[in-house]
Each structure stands twice: as structure tokens, then as C-alpha cells.
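Okay, here's what each chain looks like letter by letter:
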Amino acid sequence: MQVINECHWNLVKKFNLKDSLAIKLVHENIIAISEVKDITLSTYEFSNQLRQKYNLSYWDILIVASALENDCSILYTEDMQDKQVIDGKLTITNPFK
């Protein structure tokens with residue numbers, strides 16, 4: 001869910017798209033091809049534990065925690081260190097490298 005929120009915000013704020021177009025693009029390009037998971041209290045608490053181990057921003061570690069909770073093995077992002085492995089389970093991959 002955090003990825004959807006960030007994507008929508010960037011489309012509207014950074015790319016000056018209208019809200020209705022951002023919603024359409026998010027639906028077509030993320031929701032249609034993904035299984036969207038909620039951010040829960042346990043996700044928040046887990047992210048706080050992970051922040052003690054890894055030097056990542058609050059928002060990035062929240063995505064990492066959600067990915068780990070949902071048994072993801074790869075997290076595609078340009079915002080974190082490429083090839084970093086989190087908790088021996090989640091590999092950060094920069095899709096632009």
C-alpha cells in the first residue's frame with residue numbers, strides 16, 4: 001500500500017498530473033498486476049525493529065517491513081543500496097542498473 005501512496009503522490013506533485021489521471025495510472029500499472037497488502041500495526045512495529053539494524057529512511061523501511069511480512073524475496077527500488085540483502089531474505093534490486 002505504501003508503494004501505491006508514494007506513486008500517486010509523485011505523479012501528482014512531481015509530474016503535475018491531475019488526480020484522476022494518477023488514479024487511473026496507479027490502477028492500470030500497479031493494482032492490476034499486483035497483490036496489494038495493507039500496512040498494519042505489526043508492519044509499523046516490525047519496521048521500527050528493522051530501523052535499529054539498517055540505516056534506511058522511515059518510509060523505505062516501512063516498505064521493506066511490508067515486503068518481508070509478505071514473503072517477498074526481491075524489492076525493486078532505486079532508493080536503496082542495490083544488492084543489499086535484508087534479514088537474509090529480501091534482496092534490494094535497482095531496476096535501472
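Residues numbered from 1 in each chain as written. Predicted model: local features only at pLDDT ≥ 70, side-chain atom pairs only at ≥ 80, totals over all residues. Heavy atoms only, no water.

(A) Local environment of the packing of helix α1 (residues 2-13) against helix α4 (residues 58-69). Relative orientation of the contacting elements α1 and α4 amounts to 140 degrees, with a least axis distance of 9 Å. Comparing the axis directions of α1 and α4 gives the class oblique. Facing α1, whose interface residues are Gln2, Val3 and Glu6, α4 presents Trp59, Leu62 and Ile63. Partitioned by chemical class, the residues of the contact of α1 with α4 number four nonpolar, one polar and one charged. (Axes fitted to C-alpha atoms, helices over the stretch in contact; angles between N-to-C directions. Helix = DSSP H or I, 4+ residues; strand = E, 2+ residues; numbered from the N terminus. Parallel < 35°, antiparallel > 145°, perpendicular 65-115°, else oblique. Contact = heavy atoms within 4.5 Å. Nonpolar A, V, L, I, M, F, W, Y, C, P; charged D, E, K, R; others polar.)

(B) Seen up close, the pairing of strand β3 (residues 90-93). Residues Leu90 and Ile92 of β3 are buried on one face, while the alternating residues Thr91 and Thr93, pointing to the opposite face, are not. Bridge count between strand β1 (residues 74-76) and β3: three bridges; the pairing is parallel. Residue isoleucine 74 lies in a different strand from β3, and its bridge partner there is threonine 91. Sheet analysis places strand β2 (residues 85-86) next to β3, joined by two bridges and oriented antiparallel. In the strand pairing of β3, isoleucine 86 is matched with leucine 90. Linking β2 back to β3 in an antiparallel pair, the connection comprises three residues, with aspartate 87 at a positive phi of about 50 degrees. (Buried < 20%, exposed > 50% of the residue type's maximum accessible area, 1.4 Å probe, protein only. Pairing = 2+ DSSP bridges.)

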